[in-house]
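Structural overview
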Amino acid sequence: MIKEIKAKTMLSHVPGPDGWFGLKYNMNLYRGCSHGCIYCDSRSSCYRIENFSDILVKINAIDLLKKELPSKRVKGTIGTGSMNDPYQPAEKQFQLTKKSLELMVKHGFPVHIITKSDLVLRDVDILREISKTYAAVTFTVITTDDKLAGIIEPGAPPPSKRLKTIETLSRAGVYTGITMMPLLPFITDTEENVKDIVRRAKDSGAKYIIPVFGMSIRTGQREYYYQKLDEHFPGLKTKYEKNYGMRYQCPSPDHARLEKVFLEACDKNAIRPGMEFFTPCKKEQPTLF
Ligand code: SF4
């Protein structure tokens, strides 16, 4: 179900230096996401989204941004895509991401987008324009196996399409890379998968990969994830319960070895383990575990 809602504000300030993406502001144009990833953190109860598959469209977002952007003294990077995919199917109709990017061109703001969708190609010309300041598009790729992705990310374009989109964007001169997060314990946390992601990232022209060697699980998200584990990976829920109980941070049992494998693969393929920011950020890139 798609519903239109009115937001009160659009840009939230990111407290402290953001070691992963170098963000100053965060922006969510939608609530809910139809990509349906089984591991999605945005389902956590703390975000108070009643039905995550309902898409709430912030219909006054562009009017709010027209007021908020000129009032910001610091032109830091605006991030979008951490709570929902800004290029999920509803964006075809509502074009909030596109219109907000046009405003960023007008007001000279850098941008960082996280997505899994090739719909971003629609906005390549605008992104090239923002790139004169700074634009980065980061695709989440946690497996190169399209069949497995169809189970764990059922509503999103397959990884093969994401990698092709990286190639197109990269050729167009847009700074593009990958978030390899989360790596799902006992599902995608294999050495072969990590090596393959790095190799395919390099082949597609990605400039960086931001890794996490495990996942985080919170109340609300946990119930949904475990229900999907029962449906698609019988017996795995028990393994999670035994290994992690009610813990928030759930590192892969192999996280130290995987990190070593990852760094060696990045070195071999001359790909950056972490992205370059618009503004220098003193804090080192954090690892979750
Ligand atoms: S694309 Fe991102 S926000 Fe959307 S369901 Fe998947 S993990 Fe959640």
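Look above for the structure.
First things first, this report covers the structure right here in the doc. As the structure is a computational prediction, the values presented were derived from the model and not from experiment.

**A short note on helix α3 (residues 96–107)**
Because an α-helix packs 3.6 residues into every turn, residues spaced three or four apart end up facing the same way. For α3, which comprises 12 residues, the first-to-last C-alpha distance of 16 Å matches the rise-based estimate of 16 Å (1.5 Å per residue) to within 8%. For α3, the complete set of buried residues consists of Leu-96, Thr-97, Ser-100, Leu-101 and Met-104. Buried residues of α3 fall within an arc of 130 degrees about the axis and therefore sit on the same side. Positive backbone phi, approximately 70 degrees, marks Gly-108, located one or two places after α3.

**Focus: helix α8 (residues 221–232)**
A rise of 1.5 Å per residue sets the reference length of α8, with its 12 residues, at 16 Å; its end C-alpha atoms lie 16 Å apart and thus fit the reference within 8%. All of the buried residues in α8 are Gln-221, Arg-222, Tyr-225 and Leu-229. Down the axis of α8, the sector holding all buried residues measures 90 degrees, keeping them to one side. Seen from the buried face of α8, the exposed residues on the opposite side, beyond 90 degrees, are Glu-223, Gln-227 and Glu-231. Tucked into the core, α8 has its buried residues touching α9 (236–244).

**A short note on the packing of helix α7 (residues 191–204) against helix α10 (residues 255–269)**
Viewed as axis vectors pointing N to C, α7 and α10 meet at an angle of 25 degrees, and their least axial separation amounts to 9 Å. Comparing the axis directions of α7 and α10 gives the class roughly parallel. In this structure, α7 meets α10 at a crossing whose hand is right-handed. Contact residues: α7 offers Glu-191, Val-194, Lys-195, Val-198, Arg-199 and Lys-202, while α10 offers Leu-258, Val-261, Phe-262, Ala-265, Cys-266 and Asn-269. Looking at the contact of α7 with α10 residue by residue, the class counts come to 7 nonpolar, 1 polar and 4 charged.

**A word on the pairing of strand β5 (residues 55–58)**
Here β5 shows a buried face lined by Ile-55 and Val-57 and a second buried face lined by Leu-56 and Lys-58. Relative to β5, strand β1 (residues 2–5) runs parallel, the two being bridged by 4 bridges. Within β5, the residue paired with Ile-5 across the bridge is Lys-58. The pairing of strand β4 (residues 30–31) with β5 spans 2 bridges and is antiparallel. Across the sheet, Arg-31 pairs through a bridge with Leu-56, a residue of β5.

What counts and what doesn't
- Residues numbered from 1 in each chain as written.
- Predicted model: local features only at pLDDT ≥ 70, side-chain atom pairs only at ≥ 80, totals over all residues.
- Helix = DSSP H or I, 4+ residues; strand = E, 2+ residues; numbered from the N terminus.
- Expected span 1.5 Å × (residues − 1).
- Buried ≥ 20, exposed ≤ 12 C-beta atoms within 10 Å, placed from the backbone.
- Arc of directions from axis to C-beta.
- Contact = placed C-beta atoms within 7 Å.
- Axes fitted to C-alpha atoms, helices over the stretch in contact; angles between N-to-C directions.
- Parallel < 35°, antiparallel > 145°, perpendicular 65-115°, else oblique.
- Left-handed = near helix turned anticlockwise from the far one by under 90°.
- Nonpolar A, V, L, I, M, F, W, Y, C, P; charged D, E, K, R; others polar.
- Pairing = 2+ DSSP bridges.

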